[in-house]
Amino acid sequence: MILGLSRSWSFLGYLIAAIITLPLVAIITQALVPDEAVFAHLLETVLPTYVANTLLLMFWVGLGSLIIAIPAAWLVAKCHFPGRRIFQWALLLPLAMPAYVVAYVYTDLLDYAGPLQKLLRELFAWQSPQDYYFPEVRSLGGASLMLSLVLFPYIYLLARTTFMEQSSSLQHAARVMGCGPWRSFWHLSLPMARPALAVGVALVAMETAADFATVSYFAVPTLTTAVYDTWLEYGSLSAAAKLSAIMLLVVFSMIGFERFARRKQQLFQKQTGVNQVELYLLKGMRAKLASGYCSALLFFSFLLPFIILLQYAWEYFDQSWSSAFWEYSLNSLYISGIVSVIAVFIGVLLMFIRRISPRRADLLPSRFASTGYALPGTVLAIGILVPLTYLDFAVNDLYEYLGHRGPGLIFTGSVFVLIFAFCIRFSAIAIGSVESSYKRISPSLDMAAITMGLKPRSLLCRVHIPLLRRGIFAGLLLVFIECMKELPAALLLRPVGFENLATYVFQFVSDEQLEHGALAAIVIVLVGLVPLIYLNRSLEQES
């Protein structure tokens, strides 16, 4: 804490926070603008279906992810069986796989013209769809299953960590009282893990509400697709903002639920503490069942789609290895590199102000700046279009007033809008990464540096930044990866003629030609594996 810290630092922090929260304010403001024509039409016709589908999808994906993840997390955390150390990190791999790619692969396999139904028709001599029943893949149920296969690692990771941190003394007490593995899981481990499971379900529900590509591919109308269609087809920014406000209500309800559950989790951890856990040794059929369940989960959620992608890429390599692939790869690298540097700069600056400022009000900018990540991509896009469109018109009007020709859409018609959107959405990741590193730096170091006469800027550059190297690197890496994968905001905000890898792959998915975009999809998956490896190593070091 520096008692004489200039208020210019506080002003800078609040200015950054105001810019980052601008889309949220813009959505609320624009939603209040009367637009009875389009929104009233949606309200009378399809809006109830959008809302119902969104809530049903969140419910089924949350339930499906929970059912899939809990057994795997408990087996890996509490039992010893063949392959346990591999499954411990490998079950995180599905997070790197875009859900719409998984949806495409399974639709190709399970559709009427796919190999599975062909095989069934040959085996049982069925001639037409009326001769048998097969679940429709392109449906709400199919979308729920695909999203569950990709999002279950959120719950798996939290549940595994919680099971591993549960007190060994309680486990010993359960064994003394005659509880076997099953009774111990059902009566002890599962009830104590409920807060962490609630947090995981809330995260999965928020990711489901924000998903656009999967539900769009399956033609399942949700609030996300409604925002997209309202803006592009009706051209009504006000109606799109109203729909975005409804989505925000859903998302912030999930955040409130998650915070409530986390409060209980902190109390739970204080009561237990971290201990060395003795694993249940599984033998014979039990060991085979445990290995088989984890293997099947890994195979269907990651290995099978990835192998099919590799097959597509091999067969269509000549068509995929094109100048467009290189151009769009460079676009992704260019945007991701710039955004990661800006986001980390914001994170370091806001956390520095928060750490050294004597004013309690200076705690707020970093918290406000973290709200951008809660906005789904389509909602964020609408929130950015509102102020930047006004800014574009203002600049052109000013040029015309001065007797010059206007420069055109310099904000919404250039890559600036993408960089701006990604910075707002992913600065929270950089802030979190820098914050975790700051917690390892003793405050006495600040006092020693100030006593030696260092000014705030010198303290930041000569003391803090060298000690924050690990957090800065992690922030750069995580923001870079998220920018490479971000699709909804890129679809709505990309300038005319501009594509990146995510929009390039989704274009082929929409045209039922993923084979031609498989190489680009593999690049996205491989890049997405990097933070998972980093995350797993960090967890292993902490444990």
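This one's a predicted model, so the numbers in the text were calculated from it and none came from an experiment.

Tallying each qualifying case throughout the model produces 7 salt bridges. With a closest N to O distance of 2.8 Å, Glu-499 and Arg-494 form a salt bridge. If you follow the salt bridges from partner to partner, you end up with Asp-111, Arg-138 and Glu-512 in one network.

Attention now moves to the side chain of Ser-238. If you trace the backbone, Ser-238 turns up in helix H14 (residues 237-272). A distance of 3.0 Å separates a polar atom in the side chain of Ser-238 from the backbone oxygen of Val-33.

The next subject is the packing of helix H6 (residues 99-110) against helix H7 (residues 115-124). It is at 4 Å that the axes of H6 and H7 come closest, and there the two elements cross at 15°. Considering the angle they form, H6 stands roughly parallel to H7. Touching Asp-108, Leu-109 and Leu-110 of H6 are Pro-115, Leu-116 and Gln-117, all from H7. Tallied by class, residues from the contact of H6 with H7 come to 4 nonpolar, 1 polar and 1 charged.

As annotated by UniProt and renumbered to match this structure, "domain: ABC transmembrane type-1" (unreviewed entry) occupies residues 51-256 and 329-535. With 77% helix and 1% strand, the stretch residues 51-256 has end C-alpha atoms that lie 19 Å from each other.

Our next topic: the environment of Asp-511. Examined against the element boundaries, Asp-511 turns out to sit in the loop between helix H25 (501-510) and helix H26 (514-542). Owing to a relative accessible area of 45%, Asp-511 belongs among the partly exposed residues under this scheme.

By size, the foremost hydrophobic cluster in this structure holds 165 residues, and its most contacted members are Phe-81, Leu-91, Tyr-100, Tyr-156, Phe-422 and Val-505. In terms of nonpolar packing, the next biggest core, distinct from the first, is built from 8 residues, Met-206, Val-250, Val-251 and Met-254 among them.

Moving on to unusual backbone geometry. One non-glycine residue, Ala-125, adopts positive backbone phi at about 60°. At Glu-512, a residue that is not glycine, the phi angle is positive and equals roughly 60°. Position of Glu-512 relative to the elements: it lies in the loop between H25 and H26.

In this fold, Thr-222 is placed in the loop between helix H12 (213-217) and helix H13 (223-234). Residues in contact with Thr-222, not counting those within four places in the same chain, are Tyr-50, Asn-53, Thr-54, Leu-57 and Val-215.

Reading the values: the criteria
Residues numbered from 1 in each chain as written. Predicted model: local features only at pLDDT ≥ 70, side-chain atom pairs only at ≥ 80, totals over all residues. Heavy atoms only, no water. Salt bridge = Lys/Arg side-chain N within 4 Å of Asp/Glu carboxyl O. Helix = DSSP H or I, 4+ residues; strand = E, 2+ residues; numbered from the N terminus. Polar contact = N/O pair within 3.5 Å; in protein donor to acceptor, adjacent residues only side chain to side chain. Axes fitted to C-alpha atoms, helices over the stretch in contact; angles between N-to-C directions. Parallel < 35°, antiparallel > 145°, perpendicular 65-115°, else oblique. Contact = heavy atoms within 4.5 Å. Nonpolar A, V, L, I, M, F, W, Y, C, P; charged D, E, K, R; others polar. UniProt positions renumbered as here; feature names shortened; annotations may be inferred. Buried < 20%, exposed > 50% of the residue type's maximum accessible area, 1.4 Å probe, protein only. Core = buried A, V, L, I, M, F, W, Y, C linked by side-chain atoms within 4.5 Å.

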